[in-house]
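# Secondary and tertiary structure notes
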Amino acid sequence: MEALVASAVGIMTAAGIFLILRRRTFPVILGLSLITYAVNVFLFATGRLALDAPAVLNKYEEVPYTDPLPQALVLTAIVISFGMTAVIVMIALSAYLSSKDDHIDMTAQDSVDGAGEDA
Amino acid sequence: MNHWIVAPIVLPAILAPFIIMVLRYHLDLQRIFSVAGVVALLGIALTITAQAAGGDILVYELGDWPAPFGIVLVLDRLSAMMVLLTALLALPIVLYAIASGWDDRGKHFHALFHFQLMGVCGAFLTGDAFNLFVFFEVLLIASYGLMTHGGGSVRLKAGVQYVAYNLLGSTLFLFALGTLYAVTGTLNMADLAVRVAEIPPEDTALLRVGAVLLLLVFCIKAAVLPLHFWLPASYANAPLPVAALFAIMTKVGAYSILRVDTLVFGPDVAVTQGLLGDWLQPAALLTLAVGAIGILGSQHIARMTAFCAIASMGTLLIAISLFTETATTAALYYIFHSTLATALMFLVADLVMGRRGGAIAPTAPMAQSGLVSALFFVGAIAMAGMPPLSGFIGKLLVLDAARDALDANAIWAVILIGSFVTIVGLARAGTLIFWKSHDAQHNPAPEVDDDEEAPTLPAPEPNPGLAFTAIFGMVMGLVMLTLFAGPALNYAGKTAEQLFTPENYISAVLGGEE
Amino acid sequence: MSLFLIAALPFLGAVFPALLIRAGRNAAASAAGLTTFLALMGLLIHIPSVMRGDVVTAGFDWIPVLGLNANFMLDGLGFLFALLILGIGLLIILYARFYLSREDPMGQFYTYLLLFQGAMVGIVLSDNILLLLIFWELTSLSSFLLIGYWKHLPEGRQGARMALAVTGGGGLAMIAGMLILGNIVGSYDLSVILQNKELIQASPYYMAALVLILLGCFTKSAQFPFHFWLPHAMAAPTPVSAYLHSATMVKAGLFLMARMWPVLAGTDAWFYIVATTGLVTMLIGACIALFKDDLKALLAFSTVSHLGLVTMLLGFGTKFAAVAAVFHIINHATFKAALFMTAGIVDHEAGTRDVKRLGGLRQLMPITFTIGTIAALSMAGLPPLNGFLSKEMMLEETVHTTWLHSHYLVPGLALLAALFSAAYSFRFVGHVFLGPQRNDYPHHPHDPPVGLWLAPAFLVVLVVLIGLNSAAIVGPLVAVVSSAVIGGEKLPYYSLKLWHGFTPALYMSVVATLGGLFLLALHRRGEQLWNALPRPEAKVIFEAVIGAFTALSRWITDTLHNGVISRYAIILVAFTVGLGYYAYTTGTIGPETREPLPIQIIPFIGWICLVGATLAIMWFHRNRLLSLVLIGVVGLIVSMAFNYLSAPDLALTQISVEVVTMILLLLSLNFLPTDTPWDSSAARRWRDAAISVVAGLGTGALIYALMLRDFAFPTISEFHLANSYKGGGGTNVVNVILVDFRGFDTFGEIIVLGIAALIIFALTEAVLGTNVRSYLLNRKPHWPQSGDSHPLMMVVATRVMMPIALMVGAYIFVRGHNQPGGGFIAGLVVAIAFLMQYMASGYTWAIERQRFYYHGTIGWGVLIAAATGIGAWFNERPFLTSDFGYLHWPPLEEFEWATAILFDTGVFLAVLGAVMLALDSLSRFAWQPGMAQEFPMDINPLRDDSKDEDKKEQA
């Protein structure tokens, strides 16, 4: 089981990074959400894997519980990353609409609006 | 029950929603409340600084859960000082943003501004690693909003890059926290320190990975080479008052490095030896070099100022990377100076850009060029570390602290040559922007005097008086920092001493039970 | 008057001229003059004690940590220089009042001048070398302002930049030198340093300190090869040239060498570096000066030459030489300042400084002629003028100096230099004042008003008096200054007489004078020769170097930060992976301590789908819609995995977030291009793939290693499990952690979400405020839209489901504390319920029925959460302390309440508002005219034709 999870994390990370290295905004956004899945699973798995042991207290009998803390952290992480994704999507969209160009790279005239001359 | 510690976080957290809900359509009221909020924050900051100055470390257990199980805020000299710096920085900037009308060029400026302050203060105060992550995210997302404030295609494009790069950083942060938790089973920094110190040998490899990832995250924030690439484009294209506020964000990275390296992965912790010490110093030297070269090589004043920020971070990180008490004292003094100086430079750059565009090239003369050039001169002096402003003292302190270091020669050479290049670059920019402009008109007209305005050219700001007052305030801050360098260094020295005796911190947080 | 006040007065006074300029030029000038006069008086008060040889001191600890104390001291040396600075300063202020023209902003001028004056006084009075450094750099800065005073002249700009670069750079070197010196001695106080000659000269760092400090002095005093900046500094107004670049600032280097003489001098290194530099400078300066036609350039190079002379004398390291140096400093200050002012007068009255266009001014400007001639002859070293005396002493000393066993080298070259200097002095007189009168002067020359010639006249009187009776006039001063220079030891025998008998020096003087006249006679021929010689033009070289360096830095900067973020990201990833690997390999890792769980078939199938989908995304990422769908698949499987691995809360959250994210991305994709073109080469793609795979392997291996090992210490979550119910009042530990144990995280997190929504709203406003709006209104969607944008079935279904969905949300919310669920998930579910209405029945329809504003919802959410936290303050508990209890209302069974629920309500509202505001803003982009008229379940016949229209257009 661990092997599956680990390999899944690895593969999602790899794919995510590959997409992040593209030159257009949309694939980069997809890459970011992929790598977000990867890190969420990673963080979740740091509590070690357990089957049928949800961290919901059982009043009646002694049962094993999985580690609840990473789950809480991942929950926070998921929500935060949702916000982040929404923002970058929106910024990218606005950038595209304002410049009709969804390249993510800044070109020279983007960064500098005038050349200095020495005297 | 001393609730002052949480106040710097709660105040903006309440003020910002209030501004959104009630004052959404009243800019004037927003401005009043925003300024009032910053003033209140300043008052709080002064209070907690006074509380921390005594030297005892105050702990605030949120939700009344004992550390390490709940989240704690920890107030020691360092965090108090940083919160104070944040408030001191925020006041002139918010005034300037109002005076220059920047806050009116988009929605929700003041709300985002206070959320940003909340994130920064939280990052300085929290004693919990994951909570630090949360506050990083708060200040980051607020910065995304502020950075793209007002829109514009280039700014938005820069915004995309800024967000994308920092999202990578946040992801890295989670990887790091996950690894650290998976090894040590805790998130509280003090507890982490205790457990790292007695980590069994078979777990060191994984622990070191976690540690180095965490430090990398902080280095991204602190714009250490080669992780600084996010900075120039985003600062140069952000609204410059916002860029001025961002002067504190790089310091959050520096603070975290300082905190974690003195508390958790300290110099005397065997397990994490050589994770930072080995490469931070060369990286910091490179940072300074690249910053200085960038100052000389920039063709745009905003971009040049961004490189000023990088260069001063380089100097700061050199001091930090020495990891001695004297060097840390120097670093703490320099943090104050570099934050104010960078912010000042950005505000002056905004004055220039509002008047004549940002190109470092001769153009027609500008309104109040005498006053603006004088301010630029002051800012440049501060940036280049020339006397009589605090930059010079800071530089002397760093040089003095580095004299016993192994490669003192390299450090001295880089710092001194770096400031030489900075001087040349800033002199070039200044002469081209302010003096060359007189070629534009053929008769050498009289230069306006420092205290009178050119009647022909109106100032672009709606309220130039307030704008200049705000900037003068920042200058005064630098002057005070110079005049009262003695007391300031005294405090910094005590702070460094506190940092280098982490036992007190740990026992204060964990109640000395471990 | 306290030394502080003397040093501070100019700085304080600097404010007034700038302010008083409104009151007129005289007001500004007299303000400056008065300040200087007061400072001068304050200095003169100390004459008795100084002449007694006492050292006046004043000081306080400024930065003890650094050893930077504001200590001042006044001894003979300091007194002499302070006297020069303030005295000549006074004359210059008078002179400048009449020199500057009406256009020049005089207020600024005097402000800068006083700033400079204060800095100079600070240098010569400071008793702490760090303090001295501060004033030292200040002089560089203020001279930068003064040289660039005429901002409209490019020469001024370049000269100012050059001067700043050279002197400022030298200052930086000196910082290092001073720090080293301070470390050797263990104090930065001069009075201490001067007591430790042996310690310093024995130290291994002596050489480094010496060289660095000398760099500072040489650059400041324009010693070869740093002499080139001084002539270009002459672009400044003449008063500035006279003051800074002959009388005071350039003497700062000499001052410092004299100051440090007791501890640094006397070694071979000192002799060969300082004396040789001085000698070479003296020679080269004199030689160049002879062939300069610009009067000020001529004087500038002669200044360089005389500075070299003094440097050489100091370099000799003998006491007698030191005395000679002191004496010459005094003399040079008098005649050179007078000469500069004369040149200024000529320039002012005749309208040119070009020797070639002058001549025969003797009758036209008799007063100026007299002043200039006397000063020039003193510079030439003719008796009975003061220049003669010190030159004699200099020549006398050279005779006794051997350089690398050669007895003739030093005297010979010194003689040559003296010869040149006589020649250019004569030229100054001959080619300007003597000769036939001309009629092509730019202006009609005549003597200036008294205000202009008074100052130089005064100096010339001094020149003569000192020459005639030096022992009486400056004898005591020279004595006390010299003893200060040589460190209070016994003075050597010397006599300030005109006649010493037939000494070698006398013969040399005669030779020099005659040779000078001879050279002048041959001047024209010599000039041809000189012009024929190839000479490096220092300024051109300097500008070229700086320009090249600037271009280089620009190239470095722009190539390094070329805006290609994929490269930045690659560097980040590579750096991270590399350091991670290093950290891993430098640690030790033990064996696995946990049994892996068995792999069952269902999860394995899920794994296959996940991997397949992920790889497919990599492969098909250019088809954006498809890759979006695939992302959805991945998210779905991830949430199923969470559920399988006993994390039901995560599963619920993940899936609902998934839905919202998908809607968001679909909406945005609606405006973006439908597919990604190839714009990276195959090689680049392979490189990227390689890096990604390495990073993937890294993370995979890391988590694998972690999962198969136990915690090194008991994890803190055991406490959470143990206390969730009795401490937090909930059985769903995850939820209790979220709302109670780590409620503060959650608090921050809903704020993040709220901020996200605000940003999106603000961006929408910003974008729709621009011309983008019209583009959006007229744009054609990628795909032809369906005829009924609001399908009947869907509308009905969503409206039926609405209450159910709301109820589910409520249920999930309430059970959250004890069962999987909670504020987030509830918020998302409800949000989705609303979104369904948007999608099914249309934006307009939904908006019309919207009863609340999302800003408010977010705000309330955050405020409620905060209020819950603050509530705890009122029963003396920290922020966010929760409270809970049990109610028993028959016939209901036991019912539990917890303030955490209130907190969770805040979470719920914030999440709901944020999601809705975000998607609401986004859908405002999609709004187009015509939508308003449609209502759900309408059929819009036009839409069906749109396909045909497209075809027509394509045809």
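Residues numbered from 1 in each chain as written. Chains lettered and ligands numbered in written order. Predicted model: local features only at pLDDT ≥ 70, side-chain atom pairs only at ≥ 80, totals over all residues. Heavy atoms only, no water.

For chain C, the helix and strand inventory stands at 40 helices and 4 strands. Its C-alpha radius of gyration of 43 Å places chain C more than 25% over the 30 Å reference for a compact globule of 955 residues. Expressed along its principal axes, the backbone C-alpha trace of chain C runs to roughly 130 × 75 × 60 Å. Burial status across chain C gives 61% buried among its 955 residues. Of the contacts made within chain C by residues no fewer than 6 positions apart, 79% connect residues no fewer than 24 positions apart. (Helix = DSSP H or I, 4+ residues; strand = E, 2+ residues; numbered from the N terminus. Rg over C-alpha atoms; globule rule 2.2 N^0.38 Å. Buried < 20%, exposed > 50% of the residue type's maximum accessible area, 1.4 Å probe, protein only. Contact = heavy atoms within 4.5 Å.)

Contact with chain B, which involves 132 residues of that partner, is made by 115 residues of chain C. Together chain B and chain C conceal approximately 11,100 Å² of surface at their shared face, both sides included; 76% is due to carbon and sulfur atoms. Counting the contacts that link chain B with chain C gives 4 salt bridges. The salt bridge involving glutamate 765 of chain C is made with lysine 107 of chain B; its shortest N-O contact spans 3.9 Å. (Buried area = accessible area lost by both parts, 1.4 Å probe. Salt bridge = Lys/Arg side-chain N within 4 Å of Asp/Glu carboxyl O.)

The interface of chain C with chain A comprises 115 residues on the first partner and 84 residues on the second. At the boundary of chain C with chain A, total buried surface from both sides reaches about 8,900 Å², with 77% on carbon and sulfur atoms. On inspection of chain C and its partner chain A, the count reaches 2 salt bridges. Aspartate 102 of chain A serves as the salt-bridge partner of arginine 624 of chain C, at 2.7 Å between the closest nitrogen and oxygen. Where chain C touches chain A, the interface holds 18 residue pairs in polar contact (both at pLDDT 80 or more). (Polar contact = N/O pair within 3.5 Å; in protein donor to acceptor, adjacent residues only side chain to side chain.)

This next bit is on unusual backbone geometry. Negative phi values dominate among residues other than glycine, just as trans dominates among peptide bonds. The omega angle of the peptide bond from alanine 67 of chain B to proline 68 of chain B is 5 degrees, so this bond is cis rather than trans. The topology assignment puts proline 68 of chain B in the loop between strand 1 (58-61) and strand 2 (72-75). One non-glycine residue, aspartate 64 of chain B, lies in positive phi territory at about 60 degrees. Within the secondary structure, aspartate 64 of chain B sits in the loop between strand 1 and strand 2. Not every positive phi belongs to a glycine, and serine 646 of chain C is a case in point at roughly 50 degrees. Note that serine 646 of chain C resides in the loop between helix 28 (624-644) and helix 29 (648-669). Residue serine 646 of chain C is classed as buried on the basis of its relative accessible area of 3%.

This paragraph deals with the pattern of salt bridges. Per the stated rule, a full pass over the model turns up 26 salt bridges over all chains. Among the salt bridges present, the one from aspartate 688 of chain C reaches arginine 22 of chain A, with a minimum N-O distance of 2.3 Å. Placement of the pair is aspartate 688 of chain C in helix 30 (residues 682-707) and arginine 22 of chain A in the loop between helix 1 (2-20) and helix 2 (25-45), with the two residues belonging to separate chains. The salt bridge partner of arginine 687 of chain C is aspartate 688 of chain C, with a shortest N-O separation of 3.2 Å. Judged by relative accessible area, which is 36%, arginine 687 of chain C ranks as partly exposed. Judged by its relative accessible area of 1%, aspartate 688 of chain C falls in the buried class.

Everything listed is a geometric property; what it means functionally is a separate question.
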